[in-house]
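Single-letter residue listing:
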Amino acid sequence: MATRREFLKQGVAVGAAALIGHNAAGEAVAQTPLQEFGYGDVELAPGRMRTQFEETQAVLLSLNEDSLLRPWRLRAGLPAPGGPLGGWYDEVPLIKTPSGGEGFAPGHCFGQWISALSRGYAASGDPAAKAKVERL
């Protein structure tokens, strides 16, 4: 049975070997650092993840652009033809009334939706996603 000190020495040696790397002959070789790859470098095989990606992109593409821009247009004093999206995305009335909106953070997720559409375009090359991002 190994002592605690021997165990720690072996652990350090294993950790160092993992960082340095060795070839089949046991010679030290430099490790290539991890490299970032683009969304377009990944292909989703048919299955649940691809279905989820496609359904998510379909929802994002179906969002009414005027409704997405409504909070921003209202704050800028511009006409806001889109209907309210509801929930936290709605404007908060200055005076709470029983019929007032439920808004908390109007437009709070706009940037996340733009980011998701952009990443979706980068992954799929769908021109509809690119066009929507450019319009918004």
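Refer to the structure above for everything that follows.
Rules of the game
- Residues numbered from 1 in each chain as written.
- Predicted model: local features only at pLDDT ≥ 70, side-chain atom pairs only at ≥ 80, totals over all residues.
- Heavy atoms only, no water.
- Axes fitted to C-alpha atoms, helices over the stretch in contact; angles between N-to-C directions.
- Helix = DSSP H or I, 4+ residues; strand = E, 2+ residues; numbered from the N terminus.
- Parallel < 35°, antiparallel > 145°, perpendicular 65-115°, else oblique.
- Left-handed = near helix turned anticlockwise from the far one by under 90°.
- Contact = heavy atoms within 4.5 Å.
- Nonpolar A, V, L, I, M, F, W, Y, C, P; charged D, E, K, R; others polar.
- 1 Å grid on protein atoms, 1.4 Å probe; cavity = no way out; pocket = protein on both sides within 12 Å on 5 of 7 lines; lining within 4 Å.
- Points joined across faces, edges and corners; volume = space filled by probe spheres on them.
- Buried < 20%, exposed > 50% of the residue type's maximum accessible area, 1.4 Å probe, protein only.
- Polar contact = N/O pair within 3.5 Å; in protein donor to acceptor, adjacent residues only side chain to side chain.

J.: Got a sec to walk through the packing of helix H2 (residues 48-62) against helix H5 (residues 127-135)? Specific residues and values, please.
T.: H5 packs onto H2 with a crossing angle of 40° between their chain directions and a minimal axis gap of 10 Å. Accordingly, the angle class assigned to the pair H2 and H5 is oblique. Two packed elements cross with a definite hand, and for H2 against H5 that hand is left-handed. Contacts between H2 and H5 involve Gln 57, Leu 60, Leu 61 and Ser 62 from the former and Ala 128, Ala 129 and Lys 132 from the latter. Looking at side-chain class alone, the contact of H2 with H5 contains four nonpolar, two polar and one charged residues.

J.: I'd like a description of empty space enclosed by the protein, backed by residues and values.
T.: Evaluation of the coordinates by the stated rule reveals one cavity of 30 Å³ or more. Arg 70, Pro 71, Pro 84, Leu 85, Tyr 89, Asp 90 and Glu 91 are the residues that line the largest cavity. When its residues are assigned to classes, the lining of the largest cavity shows four nonpolar, no polar and three charged.

J.: So what's going on with the environment of Ser 62? Residues and values would help.
T.: Counting through the fold element by element, Ser 62 comes out in helix H2. The exposed category is assigned to Ser 62, whose relative accessible area is 56%.

J.: Tell me about helix H3 (residues 65-75), residues and numbers included.
T.: Within H3 the residues assigned to the buried category are Ser 67, Leu 68, Leu 69 and Pro 71. Buried residues along H3 sit against helix H4 (110-124). Where H3 begins, one side-chain oxygen reaches toward the backbone nitrogen of Asp 66, 2.9 Å away; that side chain belongs to Asn 64. A positive phi of about 75° marks Gly 77, the residue just after H3.

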